[in-house]
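Descriptive analysis of the structure
What follows is each chain in one-letter form.
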Amino acid sequence: MKLTEILGIEHPIIVAPMFLISNVDMVVAACENGATAAFPALNYRTDQELREAIALIRAKTSKPFGVNLIVNKSNPKAAQQLETLLELKVNFIITSLGSPQEVIERCRPLGIKVFCDVTSIEYAQKVEKLGADAVIAVSSRAGGHCGPEAPETLITSLVKNISIPVIAAGGIATKAHVDEVLAWGACGVSVGTVFLASKEATISDDYRQALIDYGEKDIVLTTKMSGSHLTVINTPYVQSIGTKATFMEKLMKRNKWLKKYLKMFIFIKGMRAIENAASKATYKTVWCAGPSIEYIKSIRPLKEILKDLTT
Ligand SMILES: Cc1cc2nc3c(=O)[nH]c(=O)nc-3n(C[C@H](O)[C@H](O)[C@H](O)COP(=O)(O)O)c2cc1C
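Calculation rules
- All chains use their own residue numbering, which begins from 1 and follows the written sequence.
- A pLDDT threshold of at least 70 governs which residues receive local features in this predicted model, and a stricter bar of 80 or more applies before side-chain atom pairs are shown or counted, although totals over entire chains, interfaces and linings include all residues.
- In computing side-chain values, all of the structure's heavy atoms are included and hydrogens and water are not.
- For this document, the term salt bridge refers to a Lys or Arg side-chain nitrogen within 4 Å of an Asp or Glu carboxyl oxygen.
- Relative accessible area decides the class of each residue, using a 1.4 Å probe on protein chains only: under 20% of the type maximum gives buried, over 50% gives exposed, and in between gives partly exposed.
- Confidence per residue, as judged by the predictor, is encoded in pLDDT with a range of 0 to 100.
- When checking whether two residues touch, look at their non-hydrogen atoms; a contact exists if any pair is within 4.5 Å.
- Secondary structure follows DSSP: runs of H or I at least 4 residues long count as helices, runs of E at least 2 residues long count as strands, and numbering of each begins at the N terminus.
- Two strands are counted as paired when DSSP detects at least two bridges linking them.
- Structural elements are reduced to axes, namely lines fitted to C-alpha atoms, with helices fitted over the stretch in contact, and the angle between N-to-C directions of any two is expressed from 0 to 180 degrees.
- Here a residue counts as near a molecule or strand whenever at least one of its heavy atoms sits within 4 Å of it.
- For this analysis, a polar contact is any N or O atom pair within 3.5 Å, provided that within protein one partner can donate a hydrogen and the other can accept it, and provided that sequence-adjacent residues contribute only side-chain to side-chain pairs.
- Where accessible areas are quoted, they stem from the Shrake-Rupley method and a 1.4 Å probe; at the residue level, only the protein chains shown are allowed to cover.
- Aromatic pairs are defined between Phe, Tyr and Trp rings, using the six-membered ring for Trp, whenever the two ring centres lie within 6.5 Å; interplanar angles under 30 degrees are classed as stacked, those over 60 as edge-to-face, and all others as tilted.

The next subject is the pattern of salt bridges. Here the structure, examined in full by the defined rule, presents 11 salt bridges. Measuring nitrogen to oxygen at the nearest pair gives 3.2 Å for the salt bridge that ties Arg45 to Glu49. The exposure class of Glu49 is partly exposed, given its relative accessible area of 26%. Here Lys217 ties to Asp218 by a salt bridge, and the two come within 3.3 Å at their closest N and O atoms. Assessed through its relative accessible area of 74%, Lys217 is described here as exposed. For Asp218, a relative accessible area of 15% corresponds to the buried category. Members of the salt-bridge network, linked through shared partners, are Asp47, Arg51 and Glu87.

Across the chain, pLDDT averages 91, with 89% of residues at or above 70. Counting interchain partners and residues more than four positions distant, the pLDDT-below-50 stretch residues 266-271 has three contacts.

When you line up the elements, Ala132 lands in the loop between helix 6 (121-130) and strand 6 (134-138). Put simply, Ala132 and Pro165 are 33 residues apart on the chain and 9.6 Å apart in space, counted from C-alpha to C-alpha. In this view, Ala132 contacts Ile104, Val114, Cys116, Val127 and Ile164; residues no more than four positions away in its chain are not counted.

This part takes up the sheet that holds strand 4 (residues 92-96). Note on sheets: strands pair through backbone hydrogen bonds, and any given pair is parallel or antiparallel. What the eight strands build is a closed barrel, ordered 1-2-3-4-5-6-7-8; its pairing is parallel. Adjacent strand axes in the sheet meet at a mean angle of 25°, parallel and antiparallel pairs treated alike.

The next thing to look at is the site of the ligand. The environment of the ligand is made up of 23 residues, and the closest members are Pro17, Asn68, Gly171, Gly192 and Thr193. Pro17 is positioned such that a nitrogen or oxygen atom in its backbone is 2.8 Å from an oxygen atom of the ligand. Here a nitrogen atom of the ligand and a side-chain polar atom of Asn68 are 2.7 Å apart. Protein burial of the ligand: of its 600 Å² of free accessible surface, 91% is covered by the chains. Those elements that provide at least two residues to the shell around the ligand are strand 8 (188-191) and helix 9 (193-196).

Any two aromatic rings considered together are summarised by their centre-to-centre distance and by the angle between their planes. Scanning all chains against the criterion turns up three aromatic pairs. Measuring from ring centre to ring centre gives 5.8 Å for Tyr207 and Trp287, while their planes differ by 10°; the resulting arrangement is stacked. Of this pair, Tyr207 sits in helix 10 (residues 205-213) while Trp287 sits in the loop between helix 14 (270-278) and helix 15 (302-310); the two residues are 80 residues apart in sequence, bridging distant segments of the chain. On the accessibility criterion, Tyr207 (6% relative accessible area) is buried. The buried category is assigned to Trp287, whose relative accessible area is 14%.

Structure representation (structure tokens):
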């Protein structure tokens, strides 16, 4: 089944969820121009802000849109966020990290579609068994936390080995790319990096300029930010701090007990200070983008970038 049929939209394109970047304006622009979009629930600090964002989107478009839920233990807000999304009946949820079991079980009776990020056949088969409506095949070309497999290998093997629809993610920047993955059997695409350069995106001027100035050869993988491989622009700052997490950073990120213990002693300064003590790198100083940065030449309205994918 095509993504256009699953969601009742014109183009088989999801403007992908991007941490700290996706916003109401991007979702509305995607929806009002024949595609759809999802934003990470974590982009909103409180439940009230999440509810307000959804209400604002609904005031501006009647088209379907989705929300991305990080379902592992690193997101203490996941349970509340899920309750809110169920109550407000968003059209679809994209799950990343952790098990999507509860999300699928709770969404099914309400008709909310669940698309699960996957990077391997084994995991895709697992979420298919759990009842996912589709998988998002996150390949080695993806921006953010990329998978290990090349796009063609991942998509064709998923299409062969599972019977739910496969949405392609990673390295898609032109209509030719969209046509190519559809020919491999994908039902649609999820596209992030090129939309970083949309006028609607909430990013700093320096980040914007970097998107124009840097190319594919400047994208490197770092474990500094989240502990797992994340694609970032190799700016002089990134070069100066290196791309490998130090022993202290690894301890801080992986060892909950140590985090708690340190928190007890430095509680006055709070977690941010503890994290800064281990590494100064934050999403404000380190800019995430995938190899599709190569196709970014200017900052344009989202509607125009969408046209590159459809005409
Ligand atoms: C800046 C940035 C932030 C991202 N944040 C998230 C996120 O919060 N949750 C998520 O599931 N995926 C996230 N992703 C991955 C995208 O949703 C999508 O899978 C990816 O961008 C597709 O590859 P592309 O960048 O080559 O188009 C992010 C990607 C980028 C570039």
